[in-house]
Amino acid sequence: IQESNVSVAQLAAGELDLTIRVPPGEGPGLASVPGLKQLNVPGVGIFSVNFNHNTTDKAFRQAIAYSINRQEIIDSVLGGLATLNYTIPPGFNTVPGLLDKINPYYYDPEKAKAALAESSWGDKKLRLALLADDPNFTVTAPALQQAIQDALGIEVELTALPSAPYNDLIQKTDDWDVFLSFG
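Residues numbered from 1 in each chain as written. Predicted model: local features only at pLDDT ≥ 70, side-chain atom pairs only at ≥ 80, totals over all residues. Heavy atoms only, no water.

### Quick word on helix α3 (residues 58-67)
Consideration 1: Counting buried residues along α3, eight of its 10 residues qualify, which places the element largely inside the surrounding structure.
Consideration 2: Turning to α3, its buried residues are Ala59, Phe60, Arg61, Ala63, Ile64, Ala65, Tyr66 and Ser67.
Consideration 3: Contact partners of the buried residues in α3: β1 (47-51), α4 (70-76), α6 (109-118), β2 (126-131) and α7 (135-152). (Buried < 20%, exposed > 50% of the residue type's maximum accessible area, 1.4 Å probe, protein only. Helix = DSSP H or I, 4+ residues; strand = E, 2+ residues; numbered from the N terminus. Contact = heavy atoms within 4.5 Å.)

Shown next, in the form of structure tokens:
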């Protein structure tokens, strides 16, 4: 497994035939590489926002869910190269009537503010952890930060760490409130 910038450089130089998860901003530059065909297809990966249940309550988690316009982030930050799903695994979206039985938490700043008012959050800073070496996280996290700050007025602190310290943070401590994951 190599850094995505190395893979992109090798694709551009004709030294590599295939790579997956090209950083969102690199795709357009690769479009002009002779003989290279880009395929943007739905994959099996899931990008998610995960909460620390020891530091957040249900109303706060709902406030965050309502505060994020996920489709806007997909369109503006990821160039439209993602599919919005409301279930894990994404294939459950095809179960007839399932979305009628769950709350997909569509973007709604007013519901976000109401849920925040019901939460025990107070005026704390939200600590959002992400992998420092993953281009999907590093471009998406600032958009999430801005969305939450704009909708709820909560200061969001981003903590970008390499894999080992990131895993230690989320697995061995409660020094975080939200983390981003891809699986």
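### Describing the nonpolar core
Consideration 1: Core analysis: the biggest nonpolar cluster contains 31 residues, and Leu126, Ile148, Leu152 and Ile154 have the highest contact counts within it.
Consideration 2: Broken down by secondary-structure element, the contributors of at least two residues to this core are α3, α6, β2, α7, α8 (163-172) and β4 (178-182).
Consideration 3: Broken down by element, this core gets its largest block of residues, seven residues, from α7.
Consideration 4: With near-sequence residues (within four places) excluded, Leu126 lies in contact with Phe60, Ile64, Trp121, Ile148, Ile154, Glu155, Val156, Glu157, Asp177 and Val178. (Core = buried A, V, L, I, M, F, W, Y, C linked by side-chain atoms within 4.5 Å.)

### Comments concerning the confidence of the model for the protein chain
Consideration 1: The predicted model of the protein chain has a mean per-residue pLDDT of 86, with 87% of residues at 70 or higher.
Consideration 2: Across the protein chain, α6 holds the top mean pLDDT of 98, while helix α5 (residues 98-101) sits lowest at 74. (pLDDT = per-residue confidence, 0-100.)

### Structural notes on the pairing of strand β3 (residues 156-161)
Consideration 1: Bridge analysis of β2 against β3 gives six bridges, and the strand direction is parallel. Looking at the pairing, Leu131 lines up with Leu161 of β3.
Consideration 2: Handedness of the β-α-β unit built from β2, α7 and β3 comes out right-handed. (Pairing = 2+ DSSP bridges. Right-handed = clockwise from strand over helix to strand, strands pointing away.)

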